[in-house]
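The chain contents come next:
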Amino acid sequence: MGIKPLFTAVATAVGGRNGHTEAEDHSVKADLSVPKAMGGPGRPNTTTPEHLFAAGYAACFGGALDFVAVQHKRNAKNASVTCRVSIGPRDGGGFGLAVALHVRDTSLPQAELADYAREAHEKVCPYSHATRGNVQVDLTVEGG
């Protein structure tokens, strides 16, 4: 399924997981280091691709959630979305990811927020579309 590009982000990484990554427009710059839990150096003041992916997915999902809420004449701008991205060995070899999304907005009733989050996940969020069928994504919701 193709898209009609509205925006394209460009970033380059040098040195892989123990290197540096930077967006072409310099809006994002990060030194990278494999965490000690994965057998790496775990250098201070560095991040991982999983942190960057978690931050992007959380922000994107929050936007998709508010988009859905607005369609229902509601407001979810203050919802918090916490994204946990885990990496580990796959049964079939190599490494894989697992994602847990936690949506919290106590200003909306639980059932309503759950409906909006499900719709955002199934129909709107491009990160959810990209991971579907490839990455396990667990979604939990905490409403009012």
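Residues numbered from 1 in each chain as written. Predicted model: local features only at pLDDT ≥ 70, side-chain atom pairs only at ≥ 80, totals over all residues. Heavy atoms only, no water.

## Some words on the pattern of salt bridges
At step 1: Taken as a whole and assessed by the stated rule, the structure comprises five salt bridges.
At step 2: Two residues, Glu112 and Arg74, come together in a salt bridge whose shortest N-O distance is 2.4 Å. Of the two residues, Glu112 sits in helix H2 (residues 110-124) while Arg74 sits in the loop between helix H1 (49-71) and strand S4 (80-89), which places them 38 residues apart along the sequence.
At step 3: In this structure, Asp115 and Arg118 form a salt bridge, with 3.3 Å as the shortest nitrogen-oxygen distance. (Salt bridge = Lys/Arg side-chain N within 4 Å of Asp/Glu carboxyl O. Helix = DSSP H or I, 4+ residues; strand = E, 2+ residues; numbered from the N terminus.)

## What to know about the sheet that holds strand S3 (residues 29-31)
At step 1: Across the sheet, which stays open at both edges, the three strands sit in the order S1-S2-S3 with antiparallel pairing between neighbours. Each of the sheet's edge strands pairs with one partner strand only, and the pair in question is strand S1 (11-14) and S3. Direction aside, neighbouring strands of the sheet carry axes that sit 10° apart on average.
At step 2: Of the strand pairs in this sheet, strand S2 (residues 20-23) and S3 are connected by three bridges, and their pairing is antiparallel. Paired with Thr21 across the bridge in S3 is Ala30. (Pairing = 2+ DSSP bridges. Axes fitted to C-alpha atoms, helices over the stretch in contact; angles between N-to-C directions.)

## Comments concerning the layout of surface pockets
At step 1: Roughly 450 Å³ of internal volume is contained in the largest pocket.
At step 2: Surrounding the largest pocket, 21 residues form its lining, Ala9, Val10, Ala11, Ala23 and Val28 being those nearest its centre.
At step 3: Elements represented by at least two residues in the lining of the largest pocket include exactly S1, S2 and H1.
At step 4: Looking at the lining of the largest pocket, the element that brings in the most residues is H1, giving four residues.
At step 5: Looking at the lining of the largest pocket residue by residue, the class counts come to twelve nonpolar, five polar and four charged.
At step 6: Quantified by volume, the second largest pocket comes out at close to 210 Å³.
At step 7: Every residue lining the second largest pocket is listed: Leu6, Phe7, Pro126 and Tyr127. (1 Å grid on protein atoms, 1.4 Å probe; cavity = no way out; pocket = protein on both sides within 12 Å on 5 of 7 lines; lining within 4 Å. Points joined across faces, edges and corners; volume = space filled by probe spheres on them. Nonpolar A, V, L, I, M, F, W, Y, C, P; charged D, E, K, R; others polar.)

## Digging into the nonpolar core
If you look at soluble globular proteins, the nonpolar side chains tend to sit buried side by side.
At step 1: In this structure, Tyr57, Phe61, Leu65, Cys83, Val99, Leu101 and Val103 are the most contacted members of the largest nonpolar core, which totals 27 residues.
At step 2: Among the elements of the structure, H1, S4, strand S5 (95-105), H2 and strand S6 (136-143) are those that each provide at least two residues to this core.
At step 3: In terms of residue count, H1 provides more of this core than any other element does, nine residues in total.
At step 4: Among residues more than four places away in sequence, those in contact with Phe61 are Val81, Leu101, Val103, Ala117, Ala120, His121, Cys125, Ser128 and Leu139. (Core = buried A, V, L, I, M, F, W, Y, C linked by side-chain atoms within 4.5 Å. Buried < 20%, exposed > 50% of the residue type's maximum accessible area, 1.4 Å probe, protein only. Contact = heavy atoms within 4.5 Å.)

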